[in-house]
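If you want the building blocks of each chain, they are given just below.
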Amino acid sequence: MSGPIGRTAVVLARAAATMVAVTMLVFIALHAVPGGFESVYLGTSASETSHATVRAMLGLDRPLPEQYLSWVGGIVTGDLGTSLLSSRPIVDELAVRLPATAQLAVLATVISVPAGAALGIAAGVANLRGRASGLGRVAGALSASVPDFVVATVLVFVASQAGWRIVGASYVPFAEDPLGSTARMLLPALSLSFFATGIVARTTRDAVLAVRAEPFMTMAIARGESTWQIVRRHVLRNVANPIVTIGAVNVGALLGGALIIERVFAIPGVGEYAVNAVNARDYPVVMATVVLGAAAFVVANALADLAGGYIDPRLGARRRVAR
Amino acid sequence: MTLLDVRDLAVRYDTPHGVSQALDGASLTVAAGELVAVVGESGSGKSTLGMAALGLLPASAQRLTGDLLVDGESVFGLDPPRLRRLRRTRLGLVLQDAAGSLDPTRRVGRQLAEHLDRPGRADVLSRLEQVRLPDVERVARSYPHQLSGGMAQRVAIAIALARSPGLLVADEPTAALDTEIKHDVLRLLADSCRERGTALLVLTHDLTGIAAYCTRLVVMYGGRVVETGPPDDVLERPRHPYTRGLLHAVPGQETVGGTLRSIAGSPPVLTGPSAGCAFAPRCEFRVDRCDARRPEPSADAARVLCHRDGELDAVVTLDEVPEVSR
């Protein structure tokens, strides 16, 4: 497993294995739920015969392995199944909602990673210069412990008091009006990025302090490089990997947060779709959205793994060996 | 001309784990272009001395007395911009961990280039050739982890000497290298410094290994300089009992059938200024006044820090060590 190609293969294989495990777990979990898919249609008083009829109609009378394979086969070929509620292909329903959530998550990442990295580096450097970064720690703890919906509510309140008219405006798809859409998405994305920014900042700060202990940093100081030169030449690249990694891990948190943020800001996204599906016991939609969320997380982490090989040449060749 | 002037410097570390006195009144001068080896065990204070010369003492270090001057200016009195300027223009550093001394994420050619006045490709390659690296094209393209320890140390030396500093401090530069490579790297250090007129301050525990490459030996013990002089004098006519002990503890120096003697006891861990001679508890020649009074350096160039300097030659010579083997 040496060399960039071997490394890429390992990362992809790991991602694929994770996805197989996720689909199995989702399938087993939802098929083990008492009641069964058909009771969504039938209610509690239906006869055994009607149960059997609907089951046959939905293909639920086939053996479970067969059902699983046909479901996974559908996912691979781009067919996520059919909503029990609307009887429409889930793919079609997601096509409207996925862009909104993707836009929200991407915007939140675009805000949280640079902002968190800048805060973390500032805190780390201040710490190195012997200034206590108590403020940074308080801010970090605050960002990690205040729930998204509180942040969102406060932001909405402040923005509306300040007379920012975009607050009340309803969602506009990015494809129709990129600028207006992004402007309306700013507040939701800010609320969503609040938590992630704190996490990125803390990770970055710790990474800066760890890098500081390396001999090459002593050498840089001994060469008389300025703080800015040291940050630009040596710190940025050496803390980039932890930042990329935590950015990818945050995708999970952002998707979870999107459920709530989409509610607060009335964004017709996947989160809202998933919550509605759970409430209505629309099992195929629940399965599809869970798999989709897991896929986003797995892809983000695989990309972070691959990027790591380019950022740190030691990882590109082989796993880091302890020195 | 005096380049480095350490005057009775005392430095103490205050850490959560306790207090330790690393330097206890160390004095040393290094002239421009001089090749000086500071020899001592771990804990002798040599690293603290080296770091102090670059103004690199950690925040836990506290200067109690004395001063350290580079080019006649105290490094303790410089504000950060002027200290950076001094480091950039006049000082250089080489550490034991050669591979760790280089930024792992960047090609070594680039790392060298940013410290050259004319950071072109040709200059990078010629600098790498100057430190006697083979296949310089490949080395310049390499990342640090792709180089051997010896090659990485040569690159580190090239970077440290890029601006021809007045003083290069090398802290155990070869301790992590294979024996065969050790001498090549030490010779490279000495030759490169000689060519540039750069003074070299090598900090090492390897007394005999360094002797061939320096113009002066400085022996440190317990945070003080206990003896100094040209290598031949120190090796052939050591005057301080500790230096004598060190020479006896060197493998290969013993006569056939003789025993390799080590210095009994272990180096002191000082928590404050030593009341008397720091070596007294381990010294074979100790008398009462050794414990009671701090020794002052002898008036001659060797600056021997021993109460019994001059008396001992009458007592023993190097070949005729006392019977007591401890």
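Throughout this description, residue numbers start from 1 for each chain and increase along the sequence as written. As a convention, the first chain written is A and the first ligand written is 1, with the rest following in written order. Confidence filtering applies because this is a predicted model: local features only for residues at pLDDT of at least 70, side-chain atom pairs given and counted only at 80 or more, and all residues used for totals across whole chains, interfaces and linings.

The name given to chain B in an unreviewed UniProt entry is ABC transporter ATP-binding protein, with Jiangella anatolica as the source organism. UniProt positions are given in the numbering used here, feature names are shortened, and annotations may be inferred rather than shown by experiment. Regarding chain B, the UniProt comment filed under Subcellular location (unreviewed entry) reads as follows: "Cell membrane". UniProt, in its Sequence similarities (unreviewed entry) section for chain B, records the words "Belongs to the ABC transporter superfamily."

Per an unreviewed UniProt entry, chain A goes by the name ABC transporter permease and belongs to Jiangella anatolica. Among the UniProt annotations of chain A, the heading Sequence similarities (unreviewed entry) holds the following wording: "Belongs to the binding-protein-dependent transport system permease family."

Here we take up the overall build of chain B. Assigned secondary structure in chain B consists of 12 helices and 10 strands. The globule rule used here is 2.2 Å times the number of residues to the 0.38 power, and the radius of gyration it is set against is calculated over C-alpha atoms. Against the 2.2 N^0.38 benchmark of 20 Å for 326 residues, chain B shows a C-alpha radius of gyration of 21 Å, consistent with a compact globule. In terms of its C-alpha atoms, chain B occupies a principal-axis envelope of roughly 65 × 50 × 40 Å. With 326 residues in all, chain B has 44% of them scored as buried. Of the contacts formed within chain B by residues at least 6 apart in sequence, a portion of 66% connects residues at least 24 apart. Per the convention used, a helix needs a DSSP run of H or I reaching at least four residues, while a strand needs a run of E reaching at least two, with both numbered from the N terminus. To assign burial, the other C-beta atoms lying within 10 Å of each residue's own C-beta are counted, with C-beta atoms placed from the backbone; 20 or more indicates buried, 12 or fewer indicates exposed, and intermediate counts indicate partly exposed. Here contacts are defined at the residue level, using C-beta atoms placed from the backbone and a cut-off of 7 Å between them.

With that out of the way, let us pick up the interface of chain A and chain B. On the chain B side, the residues contacting the 19 residues of chain A number 21 residues. Those elements that provide at least two residues to the side of chain A that touches chain B are helix H9 (215–222), helix H10 (227–264) and helix H13 (313–317) of chain A. Residue contributions to the side of chain A that touches chain B peak at six residues, all from H9 of chain A. Amino acid classes used here: Ala, Val, Leu, Ile, Met, Phe, Trp, Tyr, Cys and Pro are nonpolar; Asp, Glu, Lys and Arg are charged; the rest, including Gly, are polar. A per-class count over the side of chain A that touches chain B returns seven nonpolar, six polar and six charged.

The next subject is the UniProt feature "domain: ABC transporter" (unreviewed entry) in chain B. The UniProt record marks residues 4–247 of chain B with the feature "domain: ABC transporter" (unreviewed entry), using the residue numbering of this structure. Between the C-alpha atoms that bound residues 4–247 of chain B the distance is 27 Å, and the span itself is 36% helix and 29% strand.

Okay, the sheet that holds strand E9 (residues 216–221) of chain B next. Residues and elements named next belong to chain B. Two strands are said to pair when DSSP picks up at least two bridges between them. Taken in spatial order, the six strands of this open sheet run E6-E7-E8-E3-E9-E10, and their pairing is mixed. Of all strands in the sheet, those with a lone pairing partner are strand E6 (91–94) and strand E10 (224–229), marking the two edges. When strand polarity is set aside, the average angle formed by the axes of neighbouring strands in this sheet is 20 degrees. Pairing between strand E3 (residues 35–39) and E9: four bridges, direction parallel. Here the axes come from fitting lines to C-alpha atoms, over the contacting stretch only for helices, and the angles between their N-to-C directions go from 0 to 180 degrees.

A few words now on unusual backbone geometry. Residues and elements named next belong to chain B. Despite not being glycine, Ser-164 shows a phi value in the positive range, around 45 degrees. As for its position among the elements, Ser-164 is in the loop between helix H6 (149–160) and strand E7 (167–171). Despite not being glycine, Glu-172 shows a phi value in the positive range, around 45 degrees. If you trace the backbone, Glu-172 turns up in the loop between E7 and helix H7 (179–196).

Quick look at the packing of H10 of chain A against helix H12 (residues 283–311) of chain A now. Residue and element names in this part refer to chain A. Where H10 meets H12, the axes come as close as 9 Å, and the angle between the chain directions of the two elements is 175 degrees. In terms of orientation, H10 lies roughly antiparallel with respect to H12. Contact residues: H10 offers Arg-237, Ala-240, Asn-241, Val-244, Thr-245, Gly-247, Ala-248, Val-251, Gly-252 and Leu-255, while H12 offers Gly-293, Ala-296, Phe-297, Ala-300, Asn-301, Leu-303, Ala-304, Ala-307, Gly-308 and Ile-311. When the residues that make up the contact of H10 with H12 are grouped by side-chain class, the tally is 12 nonpolar, seven polar and one charged. Here the word oblique covers every angle except those under 35 degrees (roughly parallel), over 145 (roughly antiparallel) and from 65 to 115 (roughly perpendicular).

All names here are of chain B. The strand order E2-E1-E4-E5 describes an open sheet built from four strands, whose pairing is antiparallel. Here the strands that pair on one side only, and so sit at the sheet edges, are strand E2 (18–31) and strand E5 (73–74). Relative to E5, strand E4 (residues 61–70) is paired through two bridges, and the arrangement is antiparallel. Looking at E5, one finds that Leu-69 is bridged to Ser-74. Against the sheet, helix H1 (residues 46–53) makes contact with strand E1 (2–15), E2 and E4, and its axis sits at roughly 115 degrees relative to E1, the strand it touches most.

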